[in-house]
Amino acid sequence: MTEYPPFAVTVDLVVLTVRSDELNLLLVRRGVPPFRGRWALPGGFVGIDEDLSDAAVRELTEETGLPEPAGHLEQLGTYGRPDRDPRGRVVTVAWLALLPDLPTPVAGTDAAAADWVPVSRLTPGQLAFDHDQIVADGLERARAKLEYTPLATAFCPPEFTVAQLRTVYETVWGVRLDPRNFHRKVTGTPGFVAPAGRSTEGDRGRPAQLFRRGPATLLHPPMLRPDR
């Protein structure tokens, strides 16, 4: 029988939300070695009989106390540099979650703390393992997917205004967008949004029409990022 070198598989989650008009990343402070006391992505080891997506959802719940994600969850990539984990040969499968604003998380299992951290406050080398690179990849994936898919709606409640959706784009992209042009593009793109059939109070007491995510999976034409 051929012997293969042992290695472990983990999952790590890049969980993004918009809070107070800032793009926030969910982080946990490690309570155990290695990197005890450092901020890291929520995650952990995959069980021998566990599917990867099930492990991702389980770890998110165990380490933060958050409910099962109600937004968007997709596989981001696989990271297997031999020296990425001082405990041994560990390959991780990273996941990207885009969620509407959620309560402050509660740390559990081997996490000493859990919190939403503004992406603008992250500094190089701040995170444990190779999580800086995983976060960078997750941010670029999210920013790119907002161009050609309706996933910006994953940051919104089930019913939202165009102004709320514009805030998502401005926050994730880090740019200011012309309100009228944005409204025209959003409502003119087939299947992007659908009227909810009611309105809410908008700026200065003016009624603002509410929308839901439409049936489109790709945006034609795309919402291209402006030059900064």
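What counts and how
Residues numbered from 1 in each chain as written. Predicted model: local features only at pLDDT ≥ 70, side-chain atom pairs only at ≥ 80, totals over all residues. Heavy atoms only, no water. Axes fitted to C-alpha atoms, helices over the stretch in contact; angles between N-to-C directions. Helix = DSSP H or I, 4+ residues; strand = E, 2+ residues; numbered from the N terminus. Parallel < 35°, antiparallel > 145°, perpendicular 65-115°, else oblique. Left-handed = near helix turned anticlockwise from the far one by under 90°. Contact = heavy atoms within 4.5 Å. Nonpolar A, V, L, I, M, F, W, Y, C, P; charged D, E, K, R; others polar. Polar contact = N/O pair within 3.5 Å; in protein donor to acceptor, adjacent residues only side chain to side chain. Core = buried A, V, L, I, M, F, W, Y, C linked by side-chain atoms within 4.5 Å. Buried < 20%, exposed > 50% of the residue type's maximum accessible area, 1.4 Å probe, protein only.

**Q** Could you clarify how one ought to interpret the packing of helix α2 (residues 131-148) against helix α3 (residues 162-173) in this entry?
**A** If you want to describe how two helices pack, look at the angle between their axes and the distance between the axes. Where α2 contacts α3, the axes come no closer than 10 Å and their chain directions differ by 140°. When the axis of α2 is compared with that of α3, the two are oblique. Considering only the axes of α2 and α3, their crossing is left-handed. The residues of α3 that touch α2, namely those facing R143, L146 and E147, are V168, Y169, V172 and W173. Along the lines of polarity and charge, the residues of the contact of α2 with α3 split into 5 nonpolar, no polar and 2 charged.

**Q** What should I look at first to understand the side chain of T149 in this one?
**A** Among the structural elements, T149 can be located in the loop between α2 and α3. Here K145 takes part through its backbone oxygen, which lies 2.7 Å from a polar atom of the side chain of T149. Contact partners of T149, with chain neighbours within four places excluded, come to Y169, T217, L218 and L219.

**Q** Explain the nonpolar core here, please?
**A** Across soluble globular proteins, you tend to see nonpolar side chains buried next to one another. Within the largest apolar cluster, 42 residues are counted, with the highest numbers of intra-cluster contacts made by L16, F155, L165 and Y169. Contributing elements (two or more residues each) for this core: β1 (8-19), β2 (22-30), β5 (72-79), β6 (90-98), α2, α3 and α4 (179-188). Among the elements that take part in this core, α3 stands out by supplying 6 residues, more than any other. Apart from the residues within four sequence positions on either side, L16 is in contact with L23, N24, L25, L96, A97, L98, L99, V119, L139, A142 and F155. Grouped together as the second largest cluster of nonpolar side chains are 14 residues, V11, V46, L99 and W116 included.

**Q** I tried to follow the environment of A194 on my own but got confused; where do I start?
**A** Position of A194 among the secondary structure elements: in strand β8 (residues 193-201). Linking A194 and G43, residues 151 residues apart in sequence, is a C-alpha distance of 36 Å. Not counting the four nearest positions on each side in its chain, A194 is found in contact with F211, R212, R213 and G214.

Purely geometric numbers; function is a separate question.
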